[in-house]
Number of protein chains: 2
Amino acid sequence: MKFSKTTEYSLRILSHMSLNENELHSAEGLYEHLKIPKKYLQRILTDLARSGFIQSIRGRNGGFSFARSIDKIYLSEIINATEGFDWTPKCMFGFGECALDSPCKMHDLWVDANQSMLTMLSSTTLADLKSK
Amino acid sequence: MKFSKTTEYSLRILSHMSLNENELHSAEGLYEHLKIPKKYLQRILTDLARSGFIQSIRGRNGGFSFARSIDKIYLSEIINATEGFDWTPKCMFGFGECALDSPCKMHDLWVDANQSMLTMLSSTTLADLKSK
DNA sequence: ATAAAATGCTACCAGTTTGTAGTATTTAGC
DNA sequence: GCTAAATACTACAAACTGGTAGCATTTTAT
Ligand code: SF4
Ligand code: SF4
């Protein structure tokens, strides 16, 4: 019901970067604004680069900028990249395949509730976040 | 978006026990059915007893039975006991207080989605699970 | 060339969760 | 009383997440 710190941080970073979509953002600058532990933030940034959301420019005056247009980066993609792809909820009891003789009453309710959240996340882009 | 293993195990244990609400269930017997690591299951059982969902009877022919009627045990209570219930949804970016200048577009959607899941869990009892 | 400013990489540390092992304690049945 | 069958307790191991530290590498400015 809660995202991992890494996911939260990633969302914060990318949403903050999207406020100045076309600028180059340095880790130091992001740290000033977001106060995410500096070294950890660095690692997350390189991970996000490896995942293809942003691209890194090394050397002096380097930094990070978006590798794709922010209206094509869906929140679900980010979460996929940080939490792994198996975070999509199947069974609230943790069964891979249902182990009960007959499906329990929760199944549909659970799937529905999660599905609606999933739909929300996979239809919202970073660009959408800005356009309140 | 996913419960801890401990929570999943607890839900499995209690829902399975509720199929024979009034019987005495031994750890060994539950292990046979649920295949949860035996010693870990033992510990969860004593935790569930300490939490007041079940009561334990020690000694030969001992075991576990419900301490309360299963139509008064809500799923949210179980989750509360196993992972703490501070998962009341605030911000999907992990801000305690909103750190943005203006609330982002996700806020209402996020709160609503979480609220509906919360309502679902706190209105369903173990007894409800059976009555499919 | 050299120094400075930036990212990349590797290794380690701490806390939490999950799982294992062994022993102690309680109780029923004989 | 003694033994067997059950739960209770304690300590430890393994894996994961979050966080820290230090050095390597790349590039620009001078
Ligand atoms: S029916 Fe119930 S136990 Fe089976 S997969 Fe669905 S939620 Fe899980
Ligand atoms: S407005 Fe957005 S950033 Fe602020 S608390 Fe709500 S979800 Fe979080």
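To be clear, the structure that these remarks concern was listed above.
Residues numbered from 1 in each chain as written. Chains lettered and ligands numbered in written order. Predicted model: local features only at pLDDT ≥ 70, side-chain atom pairs only at ≥ 80, totals over all residues. Heavy atoms only, no water.

A. A look at the overall build of chain A. When you go through chain A residue by residue, the secondary structure sums to 6 helices and 2 strands. Secondary structure elements in chain A, listed N-terminal to C-terminal, are α-α-α-β-β-α-α-α. Structurally, chain A occupies a C-alpha span of about 65 × 30 × 20 Å along its principal axes. Within the span of chain A, comprising 132 residues, buried residues form 40% of the whole. Once local pairs closer than 6 in sequence are excluded, the contacts in chain A between residues at least 24 apart make up 64%. Of the accessible surface of chain A, which amounts to about 7200 Å², a share of 49% is contributed by carbon and sulfur atoms. Each charge class in chain A was averaged separately, 16 positive and 15 negative side chains, and the resulting centres sit 10 Å apart. (Helix = DSSP H or I, 4+ residues; strand = E, 2+ residues; numbered from the N terminus. Buried < 20%, exposed > 50% of the residue type's maximum accessible area, 1.4 Å probe, protein only. Contact = heavy atoms within 4.5 Å. Areas by Shrake-Rupley, 256 points an atom, 1.4 Å probe, with all protein chains shown as cover. Lys, Arg positive; Asp, Glu negative; His and termini not counted. Charge placed at Lys NZ, Arg CZ, Asp CG, Glu CD.)

B. Representation of the side chain of T124 of chain B within the structure. Locating T124 of chain B in the fold gives a position in the loop between α5 (106-121) and α6 (126-130). When its relative accessible area of 6% is taken as the criterion, T124 of chain B is described as buried. Reaching out from T124 of chain B, the side chain makes a polar contact with the backbone oxygen of M120 of chain B at a distance of 2.8 Å. If near-sequence neighbours (up to four positions away) are discounted, T124 of chain B is found in contact with M106 of chain A together with I73, Y74, L75 and L129 of chain B. (Polar contact = N/O pair within 3.5 Å; in protein donor to acceptor, adjacent residues only side chain to side chain.)

C. Molecular detail of the protein's contact with DNA strand C. Taken together, 27 residues surround DNA strand C, and among them T46 and S56 of chain A together with K5, T6 and K39 of chain B come closest. When atoms of DNA strand C within 4 Å of the protein are split into backbone and base, the sugar-phosphate part holds 62%. A distance of 2.8 Å is found between a phosphate oxygen of DNA strand C and a backbone nitrogen or oxygen belonging to A27 of chain A. Taken together, the elements giving at least two residues each to the surface near DNA strand C come down to α3 (38-50), β1 (54-57) and β2 (63-66) of chain A together with α1 (5-17) and α3 (38-50) of chain B. (Near = heavy atom within 4 Å.)

D. Layout of the protein's contact with DNA strand D. Around DNA strand D, 27 residues are found, and the nearest of them are T6 and K39 of chain A together with A27, T46 and S56 of chain B. Within 4 Å of the protein, the contacting atoms of DNA strand D are 62% sugar and phosphate, with bases supplying the remainder. One nitrogen or oxygen atom from the side chain of K39 of chain A is found 2.7 Å from a base oxygen belonging to DNA strand D. R58 of chain A is positioned with one of its side-chain polar atoms (N or O) 2.9 Å from a base oxygen of DNA strand D. Put simply, the parts of the chain that give the surface near DNA strand D at least two residues each are α1 (5-17) and α3 of chain A together with α3, β1 (54-57) and β2 (63-66) of chain B. Here the surface near DNA strand D gets 5 residues from one element, more than from any other, and that element is α3 of chain B. Residue classes in the surface near DNA strand D are distributed as 6 nonpolar, 11 polar and 10 charged. (Nonpolar A, V, L, I, M, F, W, Y, C, P; charged D, E, K, R; others polar.)

E. Expanded view of the relation of the copies chain A and chain B. Between chain A and chain B, which share one sequence, the superposing operator has a rotation angle of 178 degrees and an axial displacement of 0.1 Å; the RMSD is 0.4 Å. In symmetry terms, the pair is related by a two-fold rotation axis. The fraction of interface residues of chain A whose copies in chain B are also interface residues reaches 97%, indicating that both copies meet through the same surface. (Least-squares fit on C-alpha atoms with pLDDT ≥ 70 in both.)

F. Summary view of the pattern of salt bridges. All names here are of chain B. This structure, assessed with the given rule, holds 8 salt bridges over all chains. A salt bridge links E28 to K38; its shortest N-O distance comes to 3.5 Å. Of this pair, E28 sits in helix α2 (residues 27-34) while K38 sits in helix α3, and the two are 10 residues apart along the sequence. D47 is paired through a salt bridge with R50; the nearest N and O atoms lie 3.3 Å apart. Of the two residues, D47 and R50 both sit in helix α3, 3 residues apart, roughly one turn of that helix. With relative accessibility at 36%, the residue D47 sits in the partly exposed group. (Salt bridge = Lys/Arg side-chain N within 4 Å of Asp/Glu carboxyl O.)

G. Summary view of the interface of chain A and chain B. Counting residues at the interface gives 30 residues for chain A, matched by 29 residues for chain B. At the boundary of chain A with chain B, total buried surface from both sides reaches about 3300 Å², with 72% on carbon and sulfur atoms. One can count 2 residue pairs in polar contact (both at pLDDT 80 or more) joining chain A with chain B. Mapped onto the side of chain A that touches chain B, the elements with two or more residues apiece are α1, α5 (106-121) and α6 (126-130) of chain A. Counting residues per element, the side of chain A that touches chain B draws most heavily on α5 of chain A, at 8 residues. Class assignment for the residues of the side of chain A that touches chain B results in 19 nonpolar, 5 polar and 6 charged. (Buried area = accessible area lost by both parts, 1.4 Å probe.)

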